[in-house]
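Fold and contact review
Residue strings, one per chain:
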Amino acid sequence: MLEDWFGFGIAIAIGVGGALLFALAVEVIMRLVARRYPWARDLQTKARNPFWALVLVLGLWVGVHAALRGTDWLPLVGRVFTVTSIAMLAWLLIALVRFVADLALAYNNIDMPDNRLARRLRTQTLIVKRLAIALIVVIAVGAELFSFDSVRAVGASVLASAGIASIVAGLAAQSVLGNMFAGIQLVFSDALRVDDVIVAQGEWGRVGEITLSYVVLDLWDDRRLVLPCTYFTTTPYENWTRQGSELLGSVEFDLDWRVSPQRMREHLEQVLTETPLYDGRANVLQVTEATAGYVRVRILVTAKDAPTLYDLRCFVREAMVLWIQSVMPDAAPAQRVLISEQAAPAPRKRGGVTTRAEQAGDSGFFTGSAEAEERASHFTHAIPRVSGESLGDDAAVEEPEDAPVRQ
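Here is a short report on the structure shown in this document. (Residues numbered from 1 in each chain as written. Predicted model: local features only at pLDDT ≥ 70, side-chain atom pairs only at ≥ 80, totals over all residues. Heavy atoms only, no water.)

1. Here we look at the packing of aromatic side chains
For any two aromatic rings, the description comes down to two numbers: the centre-to-centre distance and the angle of the planes. Here is the rule: Centres within 6.5 Å are what make two rings of Phe, Tyr or Trp a pair, Trp counting through its six-membered ring; a difference in plane orientation under 30 degrees is then read as stacked, over 60 as edge-to-face, and the rest as tilted. Per-residue accessibility, obtained with a 1.4 Å probe over protein chains only, is compared with the maximum for each type, and a residue is labelled buried under 20%, exposed over 50%, and partly exposed between these values.
Using the criterion set out here, one finds 5 aromatic pairs in the structure. Seen in terms of ring centroids, Tyr 231 and Phe 232 are 5.2 Å apart; in terms of plane orientation they differ by 85 degrees. Their pairing is edge-to-face. The burial state of Tyr 231 is the same as that of Phe 232; both residues are buried.

Given below as C-alpha cells:
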C-alpha cells in the first residue's frame, strides 16, 4: 500500500513539477518581452491567473492519469479533470479577448476633437468583445455537458427535433433575438456609436453604452435613458455627431417695430468677438416675420459641439436682452391699445356731392364677372346648361362654349 501511495505521489509531483517549470519559463519570457513592449505587461497582468490555473490543472491531470492507469477510478477522475480543464481554458480565452479589446481601445482614443473613426472602432470593439465572451461561455458549457454520455444521448434526440425546437425558441425569444440583431446592425452599419450625441424621445444626451439588447443614453441632466436596440432601427432619431460635432443654432426675439436690425447686427458682431464659444464659421441676423404686431428677429450662430452651442445661445440671448434694455428700450415688445369714442358715421362727400354709404364689394376672384366665373369653372367641373324658349319641347338653344357658367 505504501508503495502505491508513494508511486501516486511521485506521479503527481512529476506532473505538477513539469507544469510549474513550463509556467515559470513562460513567465520569464513574458517579463523579458514586457521590458520592451508595454502590451506584454498588460497581457501578463490579465492572463497570469487563468494561465497558471490551466497549467496546474493539466499537470495534475497528467500525474493522476499516470498514477491511476488501469483502475476503476480513472474514468470518474478523468471526467472531473475534463470539466475543470474546459472551464480554465474558457477563463484564459476570456482574459485574452479582454486584453485584445483593451489594446484596441487604447489605440483608438476618443478624447480628441475629430474622433468619429475612433468612436466607431470603439463601439464595434465593445460589441465584438461581448459577442466573443458570450460565444466562449456557450461553447465551454456545451463542451462540458457533452463530455457526459447521458447528455450526448439527449443532445442527439434534441438535434433530431431541431426544426420544432427552433420554431418554439424563435417564437419565445422573438424580442430578445430582435434586440440582439438590432444591436449588431447598429454597430456594424455605423448608424450609432458610443459617445454620439443624439436626441431620442425628445431627450438630448450622449450614448454611454451599447449592448446586444439595449442602449444607455447619458442625458444632459445626469439622468440615464435606457432604450432597446430595436428603437433605433424602427424609430427616427437625431444624431448630432454623425459626420462631425459642429452645429448651428438659433436665437429668436419678438420685438417692436421700432427696432433697428442694423444696429442689432452690429452689436451681435461685437458680442461674438468677446466669447470663445463662437467658432467663427457663421453668424446671421435676419427679420423672419413681421406679423401680429411684432417683428421677429432670428440670430444664427455656430459652435464646435452641442454643449458649447447651448451655452453660446444663452450667452447671445442674454447679451442682446441687456443691450435692448439699455440702448434701445423702444424695441422692447409692447401692446398698443386704441381708445376712441363711438360716433355715428357721417355721409361721405365727393366733389361736394353726398355719396351713398359704403358697401361690401360683390366682385370676387371666382364670382362677379365673366372672367371670374370662367376661372371658377376649372374647379367646379360644371357642364354648360341648355336653355329653352317658348318654341316648344323640341326647340332649344345651346349656349356658346365660351359663355360663363351661371351659378
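2. Details of a nonpolar patch on the surface
Operational definition: Patch criteria: residues need more than 30% relative accessible area and no salt bridge. Like-charged residues are merged within 9 Å; nonpolar side chains of Val, Leu, Ile, Met, Phe, Trp and Tyr are merged within 5 Å. A 1.4 Å probe and the Shrake-Rupley method give the accessible areas. Residues count as covered only by the protein chains that appear here. A carboxyl oxygen of Asp or Glu within 4 Å of a side-chain nitrogen of Lys or Arg is what we treat as a salt bridge. Here a strand is any run of E in DSSP of at least two residues, a helix any run of H or I of at least four, and the numbering for each starts at the N terminus.
Together, Val 137, Val 141, Leu 145 and Phe 146 line one region of the surface with nonpolar side chains, adding up to about 330 Å² of accessible area. If you trace the backbone, Leu 145 turns up in helix 4 (residues 116-145).

3. Topic: the pattern of salt bridges
A complete count under the given rule lists 13 salt bridges for this structure. A salt bridge links Glu 27 to Arg 48; its shortest N-O distance comes to 3.3 Å. One end of the pair, Glu 27, is in helix 1 (residues 2-34); the other, Arg 48, is in helix 2 (residues 38-67), and 21 residues separate them in sequence. A relative accessible area of 31% means that Arg 48 is categorised as partly exposed. Among the ionic pairs, Asp 279 bridges to Arg 281, the shortest N-O distance being 2.7 Å. The exposure class assigned to Arg 281 is partly exposed, which follows from its relative accessible area of 47%.

4. Side note on the sheet that holds strand 2 (residues 203-210)
The line we're drawing: In short, DSSP must find at least two bridges between two strands for them to pair.
The strand order 4-3-2-1-5 describes an open sheet built from 5 strands, whose pairing is antiparallel. The sheet is open, and its two borders are formed by strand 4 (224-228) and strand 5 (238-239), each paired with just one other strand. One ladder, built from 4 bridges, connects strand 1 (residues 197-200) with strand 2; its direction is antiparallel. Of the residues in strand 2, the one forming a bridge with Val 199 is Trp 204.

5. With respect to the environment of Leu 60
Spelled out, the test is: We call two residues in contact when some of their heavy atoms are within 4.5 Å.
Relative to the assigned elements, Leu 60 resides in helix 2. Residues Leu 60 and Gly 17 lie 43 residues apart in sequence; the distance between their C-alpha atoms is 9.1 Å. Apart from residues no more than four positions distant in its own chain, Leu 60 is found in contact with Ile 12, Val 16 and Phe 81.

6. Thoughts on the sheet that holds strand 7 (residues 283-289)
As a general point, the strands of a sheet are linked pairwise by backbone hydrogen bonds and lie either parallel or antiparallel. Applied cut-off: Here an angle of 0 to 180 degrees is reported between the N-to-C directions of two axes, which are lines fitted to C-alpha atoms, with helices fitted over the stretch in contact.
The 3 strands lie next to each other as 6-8-7, forming an open sheet whose pairing is antiparallel. In the strand order of this sheet, the two ends are held by strand 6 (247-255) and strand 7, each with one partner. Each neighbouring strand pair of the sheet contributes to a mean axis angle of 25 degrees, computed without reference to strand direction. Note: strand 6 against strand 8 (residues 295-303), 9 bridges, orientation antiparallel. The residue of strand 8 that forms the bridge with Glu 252 is Arg 298. Across the face of the sheet, helix 10 (residues 306-326) comes into contact with strand 6 and strand 8 while running at roughly 25 degrees to strand 6.

7. With respect to the environment of Arg 98
Along the chain, Arg 98 falls in helix 3 (residues 74-106). Sequence-wise, Arg 98 and Ile 133 are 35 residues apart; in three dimensions their C-alpha atoms are separated by 8.5 Å. Apart from the residues lying within four places of it in its own chain, the contact partners of Arg 98 are Lys 129 and Ile 133.

What is shown is where atoms sit, not what they do.
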